[in-house]
Amino acid sequence: MENRPGVLARIAGLFARRAFNINSLSVSPTERPDISRVTVTADVEAVPLEQIIKQLNKLLHVLKIVELDPNSTVERELVLIKVSADQSNRSDVLEIVRLFRVRVVDVNPESLTIEATGAEGKIDALLGLLEHYGVIELVRSGAVAVTRGPHALSEKVVGSEVTGR
């Protein structure tokens, strides 16, 4: 989409009008400062998804819609997890951190804050193990993704003039 105010609201509004819940939404500028990438994950059947894509393509300032194939995509998300970790269980929690190759970013006598990046399955598995110790607070970024190989998705819109439409 063009990097302009209000475009994201129109995109999210389209999902809301169709009564689809967005599981995650991530937006940021790309290698081209005039283009932002929106990554949306939602549980949608094939036919309604086709309808949403057609409607999104009609929105002003939306340049290109691409449904990413999981087999040719690198997808990651970030999670920060504050977990209870006192003297009695801290070594167990640190062992889980080591096994998952994630980082502790804050240490407190009663808790640890863990930063993890990875595919949704890895994040879910980590959370499943940490639940036992007591998750105090959790925040997930939502998925971001790029296609595998040397080409950028923005190349698909290079021919598009990003102007004051």
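Note that this is a predicted model, so its numbers are computed, not measured.

Focus on the side chain of Ser36
Move 1: Among the secondary structure elements, Ser36 is positioned in strand 2 (residues 36-42).
Move 2: Here Ser36 falls in the buried class, since its relative accessible area comes to 4%.
Move 3: Residues contacting Ser36, with those up to four places away along its chain left out, are Met1, Asn3, Val27, Ser28, Pro29 and Thr30.

Quick word on the nonpolar core
Move 1: Ranked by internal contacts, the top residues of the largest apolar core, which has 17 residues, are Val83, Val93, Val102, Ile114, Leu126 and Leu130.
Move 2: Of all the secondary-structure elements, those providing two or more residues to this core are strand 3 (73-84), helix 3 (90-99), strand 5 (111-118) and helix 4 (120-130).
Move 3: For Leu130, the residues in contact, after removing those within four places along its chain, are Ile81, Val83, Val93, Ile96, Ile114 and Val135.
Move 4: The next biggest cluster of nonpolar side chains, apart from the first, holds 10 residues, and it includes Val7, Leu14, Ile52 and Leu56.

As for the domain arrangement of the chain
Move 1: Annotation of the chain at the domain level lists domain 1 (7-65) and domain 2 (73-145).
Move 2: In this complex, domain 1 contributes six residues to the contact, which on the side of domain 2 involves five residues.
Move 3: A buried area of about 370 Å², summed over both sides, lies between domain 1 and domain 2, and 47% of it is on carbon and sulfur atoms.
Move 4: When the buried surface of domain 1 facing domain 2 is broken down by residue, Ser24, Ser26 and Thr39 rank first, second and third, together holding 69% of it.
Move 5: At the junction of domain 1 with domain 2, the criterion picks out zero salt bridges.
Move 6: The tally of links between domain 1 and domain 2 comes to two residue pairs in polar contact (both at pLDDT 80 or more).
Move 7: In the side of domain 1 that touches domain 2, the residues fall into one nonpolar, four polar and one charged.

Thoughts on the pairing of strand 2
Move 1: As defined by bridge partners, strand 1 (residues 22-29) adjoins strand 2 across seven bridges and the pair is classed as antiparallel. Bridged to Leu25 within strand 2 is Val40.
Move 2: Connecting strand 1 to the next strand, strand 2, in antiparallel fashion are six residues.

What counts and how
- Residues numbered from 1 in each chain as written.
- Predicted model: local features only at pLDDT ≥ 70, side-chain atom pairs only at ≥ 80, totals over all residues.
- Heavy atoms only, no water.
- Helix = DSSP H or I, 4+ residues; strand = E, 2+ residues; numbered from the N terminus.
- Buried < 20%, exposed > 50% of the residue type's maximum accessible area, 1.4 Å probe, protein only.
- Contact = heavy atoms within 4.5 Å.
- Core = buried A, V, L, I, M, F, W, Y, C linked by side-chain atoms within 4.5 Å.
- Domains from an automatic or database assignment.
- Buried area = accessible area lost by both parts, 1.4 Å probe.
- Salt bridge = Lys/Arg side-chain N within 4 Å of Asp/Glu carboxyl O.
- Polar contact = N/O pair within 3.5 Å; in protein donor to acceptor, adjacent residues only side chain to side chain.
- Nonpolar A, V, L, I, M, F, W, Y, C, P; charged D, E, K, R; others polar.
- Pairing = 2+ DSSP bridges.

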